[in-house]
Structure formats: structure tokens, C-alpha cells
Amino acid sequence: MAKAFTTISSRFVPLNIENVDTDQIIPARFLKATTRDGFGKNLFRDWRYENDDETKPKADFILNQPQYSGEILVAAKNFGCGSSREHAAWSIQDYGFNVVVSSFFADIFKNNALNNGVLPVTVSEPFLQNLFSLGNEATLTVNLEAQTITIDATGESESFEINAYKKTCMINGYDDIDYLLSIKEDIINYENSAP
Amino acid sequence: MGKSLFEKIWERHVVKTIEGGPSVLYIDTHFIHEVTSPQAFNGLNKRGIKVFRPKQTVATADHNVPTLNQHLPIKEELSRKQVEALIKNCSEHGVELYGLGHPYQGIVHVIGPELGITQPGMTIVCGDSHTSTHGAFGAIAFGIGTSEVEMVLSTQCLLHSKPKLMRIIVEGELNKGVVSKDIVLYILSKISASGATGYAVEFAGSAIRSLSMEARMTICNMSIEMGGRCGLIAPDETTFNYIKGRKFAPQDFDKAVAEWKQLYSDADAVFDKEYHFDAADIQPMITYGTNPGMGIPVTGTIPTTETINETDKSGLNKSLAYMGLEQGAPIKGQKVDYVFIGSCTNSRIEDLRMVAAFVKGKQKASDVEVWIVPGSKQVEAQAKAEGIDKVFEEAGFVLRQPGCSACLGMNEDKIPAGKYCISTSNRNFEGRQGAGARTLLASPLTAAVAAITGKVGDVREWPL
């Protein structure tokens, strides 16, 4: 059961890098846990620290710039490509992001995010570039019910797609396993009738 | 209207479709490994339920395992704990485990096909993006996240929306020295690392048909590097002959083949997108950047801001700074420090045979470290039976033990920061082979050239 999601208004962290792969989001050497907790501290580990040393943050990396904060991560196109590791979604969520905005998401990452109550919001490339041009004070409102993302200061807004089923799940905090377990009869019938 | 191969398999596996939402897709075979399954088993245990169809689940340990001295306990504590958790979970839930020490252990995408578990017409998933490999048999096979692993363990089903359909046709005869890895790196260089996102990709055409199963697996393996949901190739005699006689091949083989023969895209099947490539245009390929779409012929020059495609333009300087390479420079002659031949892309017996045939009678360059890692215990045994290990030994290489090894920098086999590794694996992302490691993706032949010369070279300059 994920946390129910409604509307989020927040500042955002702009990560203007394309093709961010899941090895960057969470390097493989941190995948050795057997629980889902505590991945946030290693989010973007090798972009965040010199030589893997937490006492040496890389000043030019966006997560190390305290003027940028918020529950929304805004990233350039093809975010989350590569490995299927769900640890990428866990680390993003554990760090404190509840929304990721990009003009294009890799498929598996998108599913993993949705399955953890992190909302992937796909916007047009011009809208994305507009977000990157805003200052660190700007706030965005993401309204899942209305399927809109709005720049609060100017009112500029765009709508985003999400399938109706996933939307209901996100809003109510349902998860797919509950649903699948509820239709077990259908699954058994399928097995008995399959060629 | 005719149906595509993908649609024929998909439609047979839909349990039901949710209005305005995804379909409930039945999964025939579920492979699991130690890294992406523990949290899923925790989920089942928390709900107090058991694996729904344990006989349709197969486990192995591959990502974390050392590739030397596998008879000893795993040194690294967290890796050892993850492997122990897999043993415990499989035992508690009645799942067959081909773990360390088992004669079937190996990389999950190598053992499925070689045991005959992977068959045409199936739906196959695993918590690993390179599950697309199994599509080479004409199956729908794709990688999933851990929440989805939990869904399949608990219900043998997943919720998925039907992807769009793409067909990539490669016609003609391959040039000398060009192998399937070059085909897929070439396609990637043309359509980019996101070119197939949202699509199921069928590979077709005479150049694809001419390939062995091992070679087809290399191509489908890297369909995820284009962003593809899955990659698949229609089964044919090559497929049937490969499966015949394998451990888990169907008992009534002729009946199975008769059904498999229906699995092809009808002549009037419609694809949302189609690409045509000419095999004659493909040369031995290598990557220079930090995504698998950043590839060039080994005889080519690294693109410049002016010559690079739009997709990779903004990332070019960042990539080259990481790689320590220059715009416009030739890649041939580039010094390499490590050679890694292995991974679910290129660690099958045919790959090792190809490398052995090339290095026989030659000597390893003195300033290069060479790691050759078989994909499975069966590949290892076969290589030894054929004397391939001796050929490697005489050349100065060591045939290690099976595992994911240096493909992903999470076991003991890591490339040190700043070092160049020519690798037959699938990803050249920053830090993929170890923090700061610099990866050049290439075919086993091109990797073998580097093992002998210590440099990026053109295999066509050697007698083949």
C-alpha cells in the first residue's frame, strides 16, 4: 500500500542532464540491501561526491546546492534509462522527491516509480526548457486529479497523461498486488483454459 | 488485418483487460536472482502468502558472485547475505535454485536458453532489464522492477499496457569480421539509446535470419539499450534445432514445433515504426561515449559538436570529458588497460569459440589485464571439453568462473577509476564497470584484438 497522492506544490530541483541512467541514480554497488529503506543517501552518489567521499561534495552538482530544494525533481529527456533496478525509484523517494518531471521517461523506470507512489510527469520539451529557465525560488503545482502541472508564478500550465487505472491507484494509495490477488479466480480460470 | 509476432503472443496471455487501464498479462516463466528479489519475498512474507506457481519460477545467483574461487564463501558480507537470502527464500517457497556450485548456475539470461526453459511463444520476465535476451526465441521477454517481481511471485501475472510495435529489418550479407554485436551497436548508433522506448521491437530480415541463436540473443539482449520494452525474433529451424534435446525442451517436441511455426508476423501485420538497414553498411563497431547509442566504426573518428546526431549533442562534452577522449579523434589505436569478455550479451560458448579461434597461437599484450568470464557452468564445462581454456592459457589469459562479473561493478570484478576497458558487455554508462571506469563496448572479436595488441584495432586487418 503506497501513500495516497493528491496535489503537490513545491519548489523543484533542476537536473538538466539528458539520458540519466539508473546506474547514475543508484550505482550497482549500493544494491546489496535486502530491504527497501535508506537508499536516499546514495542517490546520484558518484555525481554528488568526489571519490565516493561524503565529506567531499561536488559543489557544482545540483543536489549540493542548498538554494535548490523541494519534492519535485525536473530532469532532461530519457530519464531512468538502463537497468530495471527499482532501487532507483526507492532512492529518489527516500531522498524526498515525490514527483519527477521530464520530457521523456524510460519504460521500466516509469513503472517502478508509479509502483512506489512517485509520480512521473511527462511534459513537452518547450515546457521542460521553460522550467529549466526559472530561478530557484519558483514553485510548481502538480495536480494529479486534474492531470496538470503549473508554474505557480505565471500560471503557465500543461496537462499530462496517466492511465486511468494507475491514477486511481495513486490517488487512493492502492497497489497492483492487492488488485491481482483479488482476481485470483480469473487467473486460475485462465490457466485452466489456456492452450 | 494480419497480426504481428508480438500480438500473437500477447493476445494469448491476456487474462483480462482493465477498462481505461492496463491488461492483466499471464507470465509463463519467471527468472529471479539475488539482487532484485529479496524485497519481493519480504513483501510476500509480510502478506503471509507463498509463491503462487513455484514450478514456473527459476532462480540463480549471478550478479554478486565472485568469478574466482567460487568454492569459498563470498568474501564481501553484503553480497554473501544477499545470496544467502536467495537460498533461504527459494527453500521456503519451493523455488528451484541453481545457485553457486550447481552445474546449471550462471547468468540468468544464459542459463534459461541453454536449459531449454526459454521457448517460443512464452511470456518471460525477470527483475533484470536484459531479460529481453530471451526474445531471440520468439518470446515476449522483458525486465521488471522488484514490485513487479512481487506481483509475479504472488499471482503469476503483471499489469501492463500493450506497447507500440517497431520492426527493424536488416537485409543482406555481413562483411568479414562483422558479428551480431556490431549489428546491434550499429542499429543503436542510428536510432539512439532512446530510439525504441515505448516499443516492442521485432528484428527481421535476411541478415538476422542468418544468425545463430547465440548471435540472435546478443541482439535481443541489447534491445533494452534502445529503450525497447522487449526485442524479439520469429522462431525458425535455427531456433527449433537449438532447443531440441535440451534439459527442459518439450516432451512432445514435434507438437511444440508445429505450434511454434505459427509464430511469425503476418505479411500484412502493421508496425507503428519500421527501420531498414543494409548489412553491407555495417563495420566492426565500438562505443566512445557514455551511452550505448554513442558508437562508431572502429575505423571512424569520434563525432564533433557539428557532426553528432541531435540526440547525443548536449551530452557529448560531458561524455568525452568522462571518457578522456577528444572530439574528432580516431578511436583506432586508443590504448586499453582491461579487456572484459563476458556478460549476458557475449559470454556464450560461441563467443568463447570466436575469441579462442582468433587468439590461438598469439600472446596477450603485456600491459593489458584480460578477464574472460563464461556465462554459465555449462559454458565453462563445454569450453574446457573443447580445450578452449588451454588456448586461453597459452595466450596468457585465464578462464574465470561464471557470473555477471565486470559488467556492472557490484561484485569483486571492477575496473579501476580512469582505466579503459574494452568490454563485450552492454552498458558504457559512467561508473558502470566501477566508479570512474571508462568502458568501450565492442564485439568479442574486437575485444580479442585489444587483448593481443593492447589497443583498439580493426579485426579485418588480421587473417580470419
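Observations regarding the overall build of chain B
Thinking step 1. Regarding its fold elements, chain B presents 16 helices and 19 strands.
Thinking step 2. Taken over the C-alpha trace, chain B has a radius of gyration of 21 Å; the compact-globule value for 464 residues is 23 Å, and the two agree within 12%.
Thinking step 3. Projecting the C-alpha coordinates of chain B onto the three principal axes gives extents of approximately 55 × 55 × 45 Å.
Thinking step 4. Every one of the 464 residues in chain B was classed for burial, and the buried ones make up 67%.
Thinking step 5. Taking the intrachain contacts of chain B between residues at least 6 apart in sequence as the baseline, contacts between residues at least 24 apart amount to 77%.
Thinking step 6. When the accessible surface of chain B is summed, it comes to about 15300 Å², and 50% of that surface belongs to carbon and sulfur atoms.
Thinking step 7. The averaged location of the 51 negative side-chain charges in chain B is 3 Å from the averaged location of its 48 positive side-chain charges.

Digging into the overall build of chain A
Thinking step 1. Helices and strands together make up the secondary structure of chain A, namely 8 helices and 7 strands.
Thinking step 2. In summary, chain A has a C-alpha radius of gyration of 18 Å against a globular reference of 16 Å for 195 residues, a match within 12%.
Thinking step 3. Out of the 195 residues in chain A, the part that is buried amounts to 56%.
Thinking step 4. For chain A, the proportion of contacts with a sequence separation of at least 24, taken over those separated by at least 6, is 63%.
Thinking step 5. Accessible area of chain A: about 7800 Å², with a carbon and sulfur share of 48%.
Thinking step 6. Looking at chain A, you have 16 positive and 27 negative side-chain charges, and the mean spots of the two groups are 6 Å apart.

Observations regarding the environment of Asn69 of chain B
Thinking step 1. Among the structural elements, Asn69 of chain B can be located in the loop between strand S4 (57-60) and helix H3 (77-93).
Thinking step 2. Along the primary structure Asn69 of chain B and Gly315 of chain B are separated by 246 residues, whereas in three dimensions their C-alpha atoms are 41 Å apart.

Observations regarding the packing of helix H13 (residues 349-359) of chain B against helix H14 (residues 377-385) of chain B
The axes of two packed helices give the description: the angle between them and the distance between them.
Residue and element names in this part refer to chain B.
Thinking step 1. One way to put it is that H13 packs onto H14 with a least axis distance of 9 Å and a crossing angle of 35 degrees. Here H13 runs over H14; the crossing is right-handed. Here Ile349, Leu352 and Arg353 of H13 come into contact with H14, specifically with Val379, Gln382 and Ala383.
Thinking step 2. Looking at side-chain class alone, the contact of H13 with H14 contains 4 nonpolar, 1 polar and 1 charged residues.

Brief notes about the interface of chain A and chain B
Thinking step 1. Contacts between chain A and chain B engage 52 residues on the former and 66 residues on the latter.
Thinking step 2. A combined buried area of about 4600 Å² lies between chain A and chain B, and 57% of that area is made up of carbon and sulfur atoms.
Thinking step 3. Counting the surface chain A buries against chain B, the share from its top three residues, Lys32, Ile177 and Tyr190 of chain A, is 15%.
Thinking step 4. Taken together, the links from chain A to chain B amount to 7 salt bridges.
Thinking step 5. The closest approach of N and O atoms between Arg47 of chain B and Asp175 of chain A, which form a salt bridge, is 3.1 Å.
Thinking step 6. The interface formed by chain A and chain B includes 29 residue pairs in polar contact (both at pLDDT 80 or more).
Thinking step 7. When contributions to the side of chain A that touches chain B are tallied by element, the ones reaching two or more residues are helix H1 (22-25), helix H2 (45-48), helix H3 (87-95), helix H4 (107-114), helix H6 (164-172), helix H7 (176-182) and helix H8 (184-193) of chain A.
Thinking step 8. Along the lines of polarity and charge, the residues of the side of chain A that touches chain B split into 22 nonpolar, 14 polar and 16 charged.

Concerning the side chain of Ser343 of chain B
Thinking step 1. Structurally, Ser343 of chain B is set in the loop between strand S15 (338-341) and H13.
Thinking step 2. With residues up to four places along the chain from it excluded, the contact list for Ser343 of chain B reads Ile107, Cys407, Thr424, Ser425 and Asn426 of chain B.

Regarding the side chain of Gln39 of chain B
Thinking step 1. Turning to its location among the elements, Gln39 of chain B is positioned in helix H2 (residues 38-47).
Thinking step 2. A relative accessible area of 3% means that Gln39 of chain B is categorised as buried.
Thinking step 3. Of the polar contacts made by the side chain of Gln39 of chain B, one reaches the backbone oxygen of Thr35 of chain A; its length is 2.8 Å.

What about the domain arrangement of chain B?
Residue and element names in this part refer to chain B.
Thinking step 1. Along its sequence, chain B is organised into domain 1 (5-160), domain 2 (164-247 + 255-281) and domain 3 (286-461).
Thinking step 2. Taken together, the contact between domain 2 and domain 3 spans 20 residues of the former and 27 residues of the latter.
Thinking step 3. Across the domain 2 to domain 3 interface the summed buried area is about 1800 Å²; carbon plus sulfur atoms make up 56%.
Thinking step 4. At the surface where domain 2 touches domain 3, the tally comes to 1 salt bridge.
Thinking step 5. Here Arg427 ties to Glu225 by a salt bridge, and the two come within 3.0 Å at their closest N and O atoms.
Thinking step 6. Where domain 2 packs against domain 3, one counts 11 residue pairs in polar contact (both at pLDDT 80 or more).
Thinking step 7. For the side of domain 2 that touches domain 3, the residue count by class is 8 nonpolar, 7 polar and 5 charged.

Structural notes on the packing of aromatic side chains
Thinking step 1. One pass over the full model with this rule turns up 20 aromatic pairs over all chains.
Thinking step 2. Ring centres 5.2 Å apart and planes at 80 degrees place the aromatic pair Phe79 of chain A and Phe109 of chain A in the edge-to-face group. One end of the pair, Phe79 of chain A, is in the loop between strand S2 (72-75) and H3; the other, Phe109 of chain A, is in helix H4, and 30 residues separate them in sequence. Take Phe79 of chain A and Phe109 of chain A: they sit in the same class, and that class is buried.
Thinking step 3. Seen from the ring of Tyr264 of chain B, Lys8 of chain B lies directly overhead, with NZ or CZ sitting 3.9 Å from the centre.
Thinking step 4. In this structure, Lys362 of chain B packs its charged tip against the face of Phe358 of chain B, placed 4.2 Å from the ring centre.

Let's talk about the state of the cysteines
Thinking step 1. Considering all chains together, one arrives at 0 disulfides over all chains under this definition.
Thinking step 2. We note that Cys169 of chain A lacks a disulfide partner, and the nearest cysteine sulfur, in Cys157 of chain B, lies 15 Å from it.
Thinking step 3. Cys169 of chain A gets classed as buried once you look at its relative accessible area, which sits at 7%.
Thinking step 4. Cys407 of chain B supplies the cysteine sulfur nearest to Cys344 of chain B, a cysteine that is in no disulfide, at a spacing of 5.9 Å.

Looking at the sheet that holds strand S2 (residues 23-26) of chain B
Residues and elements named next belong to chain B.
Thinking step 1. If you walk across this open sheet you meet the 3 strands as S1-S2-S8, and the pairing is antiparallel. Only two strands of the sheet have a single neighbouring strand rather than two, namely strand S1 (14-17) and strand S8 (157-160). When strand polarity is set aside, the average angle formed by the axes of neighbouring strands in this sheet is 20 degrees.
Thinking step 2. With 4 bridges connecting them, S2 and S8 associate as antiparallel partners. Its bridge partner lying in S8, Ser23 is registered against His160.

Here's the deal with the packing of helix H6 (residues 180-191) of chain B against helix H8 (residues 213-221) of chain B
Residues and elements named next belong to chain B.
Thinking step 1. The contact between H6 and H8 brings their axes to 8 Å, and the two run at 20 degrees. Put simply, H6 runs roughly parallel to H8. Once H6 is placed against H8, the crossing between them reads as right-handed. Between H6, through Ser180, Lys181, Ile183 and Val184, and H8, the contact on the second element is made entirely by Ala215, Thr218 and Ile219.
Thinking step 2. Among the residues forming the contact of H6 with H8, the class breakdown is 4 nonpolar, 2 polar and 1 charged.

Some thoughts on the nonpolar core
All names here are of chain B.
Thinking step 1. Residues Ile168, Val170, Ile187, Phe203 and Met226 are the most contacted members of the largest nonpolar core, which totals 92 residues.
Thinking step 2. For this core, the leading source of residues is H6, giving 7 residues.
Thinking step 3. There are two domains that each give this core at least three residues, and those are domain 1 (5-160) and domain 2 (164-247 + 255-281).

Rules behind the numbers
- Residues numbered from 1 in each chain as written.
- Chains lettered and ligands numbered in written order.
- Predicted model: local features only at pLDDT ≥ 70, side-chain atom pairs only at ≥ 80, totals over all residues.
- Heavy atoms only, no water.
- Helix = DSSP H or I, 4+ residues; strand = E, 2+ residues; numbered from the N terminus.
- Rg over C-alpha atoms; globule rule 2.2 N^0.38 Å.
- Buried < 20%, exposed > 50% of the residue type's maximum accessible area, 1.4 Å probe, protein only.
- Contact = heavy atoms within 4.5 Å.
- Areas by Shrake-Rupley, 256 points an atom, 1.4 Å probe, with all protein chains shown as cover.
- Lys, Arg positive; Asp, Glu negative; His and termini not counted.
- Charge placed at Lys NZ, Arg CZ, Asp CG, Glu CD.
- Axes fitted to C-alpha atoms, helices over the stretch in contact; angles between N-to-C directions.
- Left-handed = near helix turned anticlockwise from the far one by under 90°.
- Nonpolar A, V, L, I, M, F, W, Y, C, P; charged D, E, K, R; others polar.
- Buried area = accessible area lost by both parts, 1.4 Å probe.
- Salt bridge = Lys/Arg side-chain N within 4 Å of Asp/Glu carboxyl O.
- Polar contact = N/O pair within 3.5 Å; in protein donor to acceptor, adjacent residues only side chain to side chain.
- Domains from an automatic or database assignment.
- Phe/Tyr/Trp six-rings, centres within 6.5 Å; stacked < 30°, edge-to-face > 60°.
- Lys NZ or Arg CZ within 6 Å of the ring centre and 35° of its normal.
- Disulfide = S-S within 2.5 Å.
- Pairing = 2+ DSSP bridges.
- Parallel < 35°, antiparallel > 145°, perpendicular 65-115°, else oblique.
- Core = buried A, V, L, I, M, F, W, Y, C linked by side-chain atoms within 4.5 Å.

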